[in-house]
Amino acid sequence: MTRNDSLYSTLIDKKLVPVIKIADADDSEALADALVTGGLSVAEVTFRTSCAAEAIGRMKDSRPGMFVGAGTVLRAAQVDEAVHAGADFIVSPGFDRGVVERCIELGVPVVPGCVTPTEIGYAVSYGLGTVKFFPASQFGGPATLKALAAPFAGISFIPTGGIDMSNLRSYTSLQCVLAVGGSFMASEKLIAQKAWGEIAARTRAAITEAATTVRI
Ligand code: 3PG
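Residues numbered from 1 in each chain as written. Predicted model: local features only at pLDDT ≥ 70, side-chain atom pairs only at ≥ 80, totals over all residues. Heavy atoms only, no water.

Student: For this particular structure, what's the right way to read helix α1 (residues 3-14)?
Tutor: Owing to its 3.6 residues per turn, the α-helix aligns residues three or four sequence positions apart on the same side. The terminal C-alpha atoms of α1 lie 17 Å apart, and with twelve residues this matches the ideal 16 Å at 1.5 Å per residue to within 8%. Taken as a whole, α1 has its buried residues at L7, T10 and L11. Mapping the buried residues of α1 onto a view down its axis gives an arc of 95°, with all of them on the same face. For α1, the elements touching its buried residues are β1 (16-20), β2 (42-46) and β3 (67-71). Downstream of α1 by a residue or two, K15 has a phi angle that is positive, lying close to 60°. (Helix = DSSP H or I, 4+ residues; strand = E, 2+ residues; numbered from the N terminus. Expected span 1.5 Å × (residues − 1). Buried < 20%, exposed > 50% of the residue type's maximum accessible area, 1.4 Å probe, protein only. Arc of directions from axis to C-beta. Contact = heavy atoms within 4.5 Å.)

Spelled out as structure tokens, the structure:
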């Protein structure tokens, strides 16, 4: 099994991607520990802070078994920065051809944001199998996602934006959902407070919630 296959299996298995905004790279190791302690070996570190690339590298160094992706990747140059830091996958909020093409060139999995049939069509035309549905709540939530997915057999989705424990199951219950993204397991505030126990507990609770969902 390739590393990319293992990443896919991890996403299918746990159905969760914690979306991370980290302000201090010195928190990287403890954050990685908290997520792994909670039962998750995957995270998306967003390029919304200047230390994101460093944090990806440090999380990977301390927990080599973890899959750490780069999120909020807006430009092709950031793909190179993220991959150089060790990123296992790339996530972007929208569909940017430059970002997608650079990821394909480098052979790194890419999950672009798509909220319309046209954008999903772009992803299909590049041979991509998974897209991000963002911001999920504002674009109609599970009902819209289900309707969008219907004509795109074989495409799976990672809905993100406005998802927490109160509505997690409404997304994980959908067949088209590969995994759900969100900051609710490891929020910016909890990381800044170094609330590692709370992050592990929230992660564990989310895994249980996702695992006990009945698929519809
Ligand atoms: C993202 O970039 O995926 C989102 O900002 C995460 O959204 P959330 O904070 O509502 O979970």
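Picking up where we left off.
Student: Would you mind showing me how to read the pattern of salt bridges here?
Tutor: A side chain of one charge can pair with a side chain of the opposite charge when the charged atoms of the two come close. A full pass over the atoms with the stated rule returns 14 salt bridges. One salt bridge in this structure joins E188 and K21, with 3.7 Å as the shortest N-O distance. Of the two residues, E188 sits in helix α9 (residues 188-192) while K21 sits in the loop between β1 and α2 (28-38), which places them 167 residues apart along the sequence. Its relative accessible area of 30% is what places K21 among the partly exposed residues. Salt-bridge contacts for D80 lead to R102; the nearest nitrogen and oxygen are separated by 2.7 Å. With D80 in helix α4 (residues 76-85) and R102 in helix α5 (residues 97-106), this residue pair connects regions lying 22 residues apart in the sequence. The partly exposed category is assigned to R102, whose relative accessible area is 24%. Connected through salt bridges with shared partners, the residues D26, E29, E54 and R58 form a single ionic network. (Salt bridge = Lys/Arg side-chain N within 4 Å of Asp/Glu carboxyl O.)

Student: Just checking my understanding: could you explain the packing of α2 against helix α10 (residues 196-211) for this structure?
Tutor: When two helices pack together, their arrangement is given by the angle between the helix axes and the distance between those axes. One can describe the packing of α2 onto α10 by two numbers: an axis separation of 7 Å at closest approach and a directional angle of 35°. For the element pair α2 and α10, the recorded crossing hand is right-handed. Facing α2, whose interface residues are A30, L31, A34, L35, T37 and G38, α10 presents W196, I199, A200, T203, R204 and I207. Looking at the contact of α2 with α10 residue by residue, the classes come out as eight nonpolar, three polar and one charged. (Axes fitted to C-alpha atoms, helices over the stretch in contact; angles between N-to-C directions. Left-handed = near helix turned anticlockwise from the far one by under 90°. Nonpolar A, V, L, I, M, F, W, Y, C, P; charged D, E, K, R; others polar.)

Student: Is there a simple way to think about the layout of surface pockets in this case?
Tutor: Where empty space is left in the structure can be found by rolling a water-sized probe over the atoms. As a volume, the largest pocket reaches approximately 340 Å³. Lining the largest pocket are 18 residues, with Y8, P109, V110, V111 and T130 sitting closest to its centre. Among the elements of the structure, α1 and β5 (110-112) are those that each provide at least two residues to the lining of the largest pocket. Per-element accounting of the lining of the largest pocket gives the leading share, four residues, to α1. A per-class count over the lining of the largest pocket returns 14 nonpolar, four polar and no charged. (1 Å grid on protein atoms, 1.4 Å probe; cavity = no way out; pocket = protein on both sides within 12 Å on 5 of 7 lines; lining within 4 Å. Points joined across faces, edges and corners; volume = space filled by probe spheres on them.)

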